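Below, each chain spelled out in residue letters.
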Amino acid sequence: MNTRRKFLKKSALISSIGGLIGLKSKVYAINPTMNTSNRPIVISTWDHGIPANLEAWKILNNGGKAIDAVEAGVKVPEGDPNVRSVGFGGFPDKDGRVTLDACIMDENQQCGSVACLEHIKHPVSVARLVMDETPYVMLVGEGALEFALLKGFEKENLLTPETLLEWEEFKEELKEKRSIINIENHDTIGMLAMDVLGNLSGSCTTSGLTNKLHGRVGDSPIIGAGLFVDNEVGAACATGVGEEVIKQAGSAMVVELMRNGVHPEDACKEIIKRVLKTNRGNKDIQVGFLALRKDGIFGAFSLMKGFNFAVQDDTGNKLINSPHF
Ligand code: ASP
């Protein structure tokens, strides 16, 4: 059983500290002379957010830009063969192909994205180049790969022997449980950061749902679904069943609610409520949102138990269990 899945079992035992992030709705007025004591800060989804945050923090703590921090941060799980849900070593699709989705967005609302990209260990960096060096937002499949190779990325085999073995076992487990989607077969990293100047950026990267149909693309590379940043208001990202996130235009909606004065946690909760409503109250689907407001206040909410996120600021790097239904 991989570390992530073991962790999820263990996480049920860890007491929820959702209270830390405030459960009451507060009216929030966007104030340009806001307190700067909450920055820099970086938050990211799941326990693989802890080492990712540490890398991002090296940049933020030296006065670096949020956009550089969110790229460097998520490259940690992308490059780690033990993380089965992101980048190198990620679980493959039904055809045994590792296809990756990623996106990135900065404080000027510039963004880049790649979907169904094979053979490249760091899709977030390809997305960054789509943003920085092309007039486009999104490249997919073969075209994204050609672009990456042109830019000097190395073509690699991303399916490790360990992942292959686990994938075979996992497929059998999925068959037995007759389960398609659950907490154990998806785990994107989404990262949101605010730098010392108060600028926000975000990134999101994943190998998507385990055993997906070849060509399936989730929410993670879709700006507005898996990630959204509005430097005047805040940023949000998503994890979980991508189709449900896309249907709600999830991350953009969370940011829009924050613009209208809703607390980050309540904004995440509201979109989770909409997911529930769309699915007629079915609580067997995991979707989680994470939000960071312009004043450094953050919040999260998930449909099922088990979602957690990592927060790094100048008080340290900690894992927090998300409130859930
Ligand atoms: N949101 C991702 C997708 O649907 C999965 C995940 O969060 O792990 O592709």
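Structure first, text after, so check above.
To keep things clear, this report deals only with the structure shown in the data block. Note that the coordinates shown come from a computational prediction; the quantities given were computed from them, not determined experimentally.

What counts and what doesn't
Residues numbered from 1 in each chain as written. Predicted model: local features only at pLDDT ≥ 70, side-chain atom pairs only at ≥ 80, totals over all residues. Heavy atoms only, no water. Pairing = 2+ DSSP bridges. Helix = DSSP H or I, 4+ residues; strand = E, 2+ residues; numbered from the N terminus. Axes fitted to C-alpha atoms, helices over the stretch in contact; angles between N-to-C directions. Phe/Tyr/Trp six-rings, centres within 6.5 Å; stacked < 30°, edge-to-face > 60°. Buried < 20%, exposed > 50% of the residue type's maximum accessible area, 1.4 Å probe, protein only. Expected span 1.5 Å × (residues − 1). Contact = heavy atoms within 4.5 Å.

### Let's talk about the sheet that holds strand E10 (residues 298–302)
Sheet architecture is open: four strands sit in the order E7-E8-E9-E10, paired in antiparallel fashion. Either end of the sheet is taken by a strand with one partner, and the two such strands are strand E7 (227–230) and E10. Strand-to-strand twist of the sheet, defined as the mean angle between neighbouring strand axes without regard to direction, takes the value 10 degrees. For strand E8 (residues 234–240) and strand E9 (residues 287–293), the ladder comprises seven bridges, and the chain directions are antiparallel. Its bridge partner lying in E9, Gly240 is registered against Val287.

### A few points about the packing of aromatic side chains
Scanning the entire structure with this criterion turns up four aromatic pairs. Consider the rings of Trp46 and Phe307, whose centres lie 5.1 Å apart with planes at 70 degrees: the pair is edge-to-face. Of this pair, Trp46 sits in the loop between strand E1 (41–45) and helix H2 (49–60) while Phe307 sits in the loop between E10 and strand E11 (308–313), and the two are 261 residues apart along the sequence. Per residue, the accessibility class of Trp46 equals that of Phe307, and both read buried. Judged by centre distance (6.1 Å) and plane angle (75 degrees), the rings of Phe298 and Phe309 are edge-to-face. Here Phe298 is found in strand E10, whereas its partner Phe309 is found in strand E11, with 11 residues between them in sequence. Taking the relative accessible area as the measure of exposure, Phe298 reaches 15% and is therefore buried.

### Some words on helix H9 (residues 264–278)
Under the 1.5 Å per step criterion, the end-to-end length of H9 is 22 Å for 15 residues, consistent within 8% with the ideal 21 Å. Along H9, the residues classified as buried are Pro264, Glu265, Asp266, Ala267, Cys268, Ile271, Ile272, Val275 and Leu276. The inward-facing, buried residues of H9 contact helix H7 (242–247), helix H8 (250–259), E9 and E10. Just downstream of H9, Arg280 is the residue with a positive phi angle, here 50 degrees.

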